[in-house]
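Residues per chain are reported as follows:
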Amino acid sequence: PPSAGLRLCNLATSNAAVAQGATIWAKELTQGSEFPTSASFPTLSVSILSLVRRIAIDQPFTRRDALSIALGFTKHSNPDVSYQKINAIKEQSIRLMLCILSKGETSAVLSGVSLRLQQQPELDASLVRYFVSGLLEIVKAPVSPAFARVLAQ
């Protein structure tokens, strides 16, 4: 029989109400100040980001909340978790942003990342490069003038 996690993923990707509930739960849990310092942070983060990505692929109305969750993960830190693990979680959140971007939320993702960099410019340069290289893999020339303007900001 399928695991509880697989059943939840299947339900959330096929049922809008479950998708919305799971997204709201993930957002509430991960945006709190206690979550990044909890003992479950390193393991639960990977599962939450995977679930949110699966939901965002199939349920378009959840993409803005998914973006908010992904951006929230770029702010998280925990002194008890290794730099490599924190960076891996942040890279997974960037992959979620790129997935959302590829599903048509380009302006929202670029605006969110731009605002995030303005609010916290000390974001690790390797993560910014990771985002830009992923973006360049998705975007192919020719690009619209509107896209070029948003990217230049």
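We now turn to the structure provided with this report. (Residues numbered from 1 in each chain as written. Predicted model: local features only at pLDDT ≥ 70, side-chain atom pairs only at ≥ 80, totals over all residues. Heavy atoms only, no water.)

### Let's talk about the overall build of the protein
- Looking only at helices and strands, one finds eight helices and zero strands in the protein.
- Secondary structure elements of the protein, listed N to C terminal, follow the sequence α-α-α-α-α-α-α-α.
- The C-alpha atoms of the protein give a radius of gyration of 16 Å, which matches the 15 Å a tight globule of 153 residues would have.
- Dimensions along the principal axes, computed over C-alpha positions, put the protein at roughly 50 × 40 × 25 Å.
- Split into buried and exposed, the 153 residues of the protein put 39% on the buried side.
- Across the protein, every contact between residues at least 6 apart in sequence was considered, and the portion connecting residues at least 24 apart equals 72%.
- Accessible surface, the protein as shown: approximately 8,300 Å² in total, 58% of it carbon and sulfur. (Helix = DSSP H or I, 4+ residues; strand = E, 2+ residues; numbered from the N terminus. Rg over C-alpha atoms; globule rule 2.2 N^0.38 Å. Buried < 20%, exposed > 50% of the residue type's maximum accessible area, 1.4 Å probe, protein only. Contact = heavy atoms within 4.5 Å. Areas by Shrake-Rupley, 256 points an atom, 1.4 Å probe, with all protein chains shown as cover.)

### Brief notes about the nonpolar core
- Counting 31 residues, the largest nonpolar core has Phe-73, Met-97, Val-109 and Phe-131 as its most contacted members.
- Among the secondary structure elements, those contributing two or more residues to this core are helix H3 (41–58), helix H4 (63–73), helix H5 (83–102), helix H6 (106–119) and helix H7 (125–138).
- Per-element tally for this core: the top contributor is H5, with eight residues.
- When sequence neighbours within four positions are dropped, the list of residues in contact with Phe-131 reads Ile-94, Met-97, Leu-98, Val-109, Leu-110 and Val-113.
- Counting residues in hydrophobic clusters, the runner-up holds six residues, among them Ala-12, Ala-19, Leu-51 and Ile-55. (Core = buried A, V, L, I, M, F, W, Y, C linked by side-chain atoms within 4.5 Å.)

### Describing the pattern of salt bridges
- For the coordinates displayed, the defined rule picks out two salt bridges.
- Among the ionic pairs, Lys-27 bridges to Asp-65, the shortest N-O distance being 3.0 Å. Placement of the pair is Lys-27 in helix H2 (residues 16–31) and Asp-65 in helix H4, with a sequence separation of 38 residues.
- Among the ionic pairs, Glu-105 bridges to Arg-64, the shortest N-O distance being 2.8 Å. With Glu-105 in the loop between H5 and H6 and Arg-64 in helix H4, this residue pair connects regions lying 41 residues apart in the sequence.
- You can call Arg-64 exposed: its relative accessible area is 54%. (Salt bridge = Lys/Arg side-chain N within 4 Å of Asp/Glu carboxyl O.)

### Brief notes about the packing of aromatic side chains
- Taken as a whole, this structure holds three aromatic pairs when the rule is applied.
- Each ring, one from Phe-35 and one from Phe-41, has its centre 5.3 Å from the other, and the planes form 75 degrees; the classification is edge-to-face. Pair check on accessibility: Phe-35 and Phe-41 agree, each one buried.
- For Phe-41, a relative accessible area of 1% corresponds to the buried category.
- Ring pairing ties together the aromatic residues Phe-35, Phe-41 and Phe-73, which thus form one cluster. (Phe/Tyr/Trp six-rings, centres within 6.5 Å; stacked < 30°, edge-to-face > 60°.)

### So, the side chain of Arg-63
- Looking at the secondary structure, you find Arg-63 in helix H4.
- Among the polar contacts listed, one links the side chain of Arg-63 to the backbone oxygen of Ala-56, at a separation of 2.7 Å.
- Sequence-distant contacts of Arg-63, defined by excluding residues within four places in its chain, comprise Ala-56, Ile-57, Ile-100, Lys-103 and Glu-105. (Polar contact = N/O pair within 3.5 Å; in protein donor to acceptor, adjacent residues only side chain to side chain.)

### Considering the packing of H4 against H6
- Close contact between H4 and H6 brings their axes to 11 Å; oriented N to C, the two are set at 25 degrees. When the axis of H4 is compared with that of H6, the two are roughly parallel. Like other packed secondary-structure pairs, H4 and H6 cross with a definite hand, here right-handed. Every residue of H6 that contacts H4 at Arg-64, Leu-67 and Leu-71 is listed here: Ala-108, Val-109, Gly-112, Val-113 and Arg-116.
- Its residues placed into classes, the contact of H4 with H6 shows five nonpolar, one polar and two charged. (Axes fitted to C-alpha atoms, helices over the stretch in contact; angles between N-to-C directions. Parallel < 35°, antiparallel > 145°, perpendicular 65-115°, else oblique. Left-handed = near helix turned anticlockwise from the far one by under 90°. Nonpolar A, V, L, I, M, F, W, Y, C, P; charged D, E, K, R; others polar.)

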